[in-house]
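Chain residues, written in single-letter form:
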Amino acid sequence: MTPTLTGLFIWKQVVALGYTPLESVLSVIGLIDDGILCVDPTSNDDTLLLANRLSQRYQQLHVIEFEWPKVSNNGSAIGVASNFALAQSQSDYVVNIQADECWPTALMEKVKALWPILVKSMGFEAFEFKVLHLEHNGQGLQGGGDWQRQKGAAYTHAVKLWKKCPDYRFAPDAWSIQARGPDGKWDEVNFRIKTRVP
């Protein structure tokens, strides 16, 4: 049986901030079985309107509203929102797509073809991909991995797709994905079986 995959899109003020949420969704719509558009309803731009229109156009997309905490220590508000969205997924695996992140068609097609095979044949639980972060988050890269800056944007390797289970979560600032180790501590290095898709 082919494992199922949910896309996670965590949005607040993404239109006003100049991100590319529409392009981000469309770049992976052919990959995911369903998608959760987790939107902060206090956004005072067209973020919620865009999410609702996308969910009307694409049946596999669903909008959930979650108001981010008012206090955010080192980006913890987006971490809380991200882990809330993660908890709503009913799929076997999840993939996180940031609002400034666009997947090249070749990457989407490669991941779509490879990840279910690698899960079934080798048991991989987490996958790193090289993705393009556009202007804003190109200045502060996700995952701490290898990257190359290009005119305000940047490419970086990061865990983007992983098994939905209690031992994997977003880091408190949502910049990376953490796994719980045998000692109960959360860290990026604790994934049981991880691979990188070039």
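Every value quoted in this text rests on a predicted model; they were computed, and no experiment measured them.

About the cut-offs
- Residues numbered from 1 in each chain as written.
- Predicted model: local features only at pLDDT ≥ 70, side-chain atom pairs only at ≥ 80, totals over all residues.
- Heavy atoms only, no water.
- Helix = DSSP H or I, 4+ residues; strand = E, 2+ residues; numbered from the N terminus.
- Buried < 20%, exposed > 50% of the residue type's maximum accessible area, 1.4 Å probe, protein only.
- Contact = heavy atoms within 4.5 Å.
- Polar contact = N/O pair within 3.5 Å; in protein donor to acceptor, adjacent residues only side chain to side chain.
- Salt bridge = Lys/Arg side-chain N within 4 Å of Asp/Glu carboxyl O.
- pLDDT = per-residue confidence, 0-100.
- Phe/Tyr/Trp six-rings, centres within 6.5 Å; stacked < 30°, edge-to-face > 60°.
- Lys NZ or Arg CZ within 6 Å of the ring centre and 35° of its normal.
- Arc of directions from axis to C-beta.

Draft legend 1. Broad picture of the environment of Ala85. As for its placement among the helices and strands, Ala85 is situated in helix H3 (residues 76-88). Judged by relative accessible area, Ala85 falls into the buried class, the value being 0%. Considered as a pair, Ala85 and Ile10 are 75 residues apart in the sequence and their alpha carbons are 7.6 Å apart. If near-sequence neighbours (up to four positions away) are discounted, Ala85 is found in contact with Leu8, Ile10, Ile36, Cys38 and Ile64.

Draft legend 2. Here's a closer look at the side chain of Asp34. Tracing the sequence through the fold places Asp34 in strand E2 (residues 34-39). Here the side chain of Asp34 touches Thr6 through a polar contact of 2.6 Å, side chain to side chain. Among residues more than four places away in sequence, those in contact with Asp34 are Leu5, Thr6, Gly7, Gln60, His62 and Ser91.

Draft legend 3. Geometry of the pattern of salt bridges. Taken as a whole, this structure holds nine salt bridges when the rule is applied. Of the charged contacts, one joins Arg192 and Asp167 as a salt bridge, the two residues approaching to 3.4 Å between their closest N and O atoms. A residue pair is termed long-range when its members are at least 10 positions apart, and Arg192 in the loop between strand E11 (186-187) and strand E12 (194-197) and Asp167 in the loop between strand E8 (153-163) and strand E9 (168-170) qualify at 25 residues. For Asp167, a relative accessible area of 22% translates into the label partly exposed.

Draft legend 4. Looking closely at the confidence of the model for the chain. This prediction gives the chain a mean pLDDT of 87; 88% of its residues lie at or above 70. Below a pLDDT of 50 lies the segment residues 136-151, which in the model reaches 47 contacts outside its immediate sequence neighbourhood of four places, other chains included.

Draft legend 5. Expanded view of the packing of aromatic side chains. Throughout the structure, instances matching the rule amount to seven aromatic pairs. With a centroid separation of 5.4 Å and 85° between ring planes, the pair formed by Trp162 and Phe170 is classed as edge-to-face. Judged by centre distance (4.8 Å) and plane angle (50°), the rings of Tyr168 and Phe191 are tilted. Taken as a pair, Tyr168 in strand E9 and Phe191 in the loop between E11 and E12 lie far apart in primary sequence, 23 residues in all. Taken individually, Tyr168 and Phe191 each receive the classification buried, so the pair is uniform in this respect. The rings of Trp103, Phe124, Phe127 and Phe129 are connected pair by pair, giving a single aromatic cluster. The aromatic ring of Tyr58 is capped on one face by Arg57, whose charged end is 4.9 Å from the ring centroid.

Draft legend 6. Quick peek at unusual backbone geometry. Positive phi outside glycine occurs at Gln13, with the angle close to 55°. Along the chain, Gln13 turns up in the loop between strand E1 (5-11) and helix H1 (21-26). One non-glycine residue, Ala174, adopts positive backbone phi at about 65°. Mapping Ala174 onto the fold places it in the loop between E9 and strand E10 (177-180).

Draft legend 7. Representation of helix H2 (residues 47-57) within the structure. Among all positions of H2, only Thr47, Ala51 and Leu54 are buried. For H2, the angular spread of buried residues about the axis comes to 65°, placing them on one side. The exposed residues of H2 that point more than 90 degrees off its buried face are Arg53, Gln56 and Arg57. Tucked into the core, H2 has its buried residues touching E1, H1, E2 and strand E3 (61-65).

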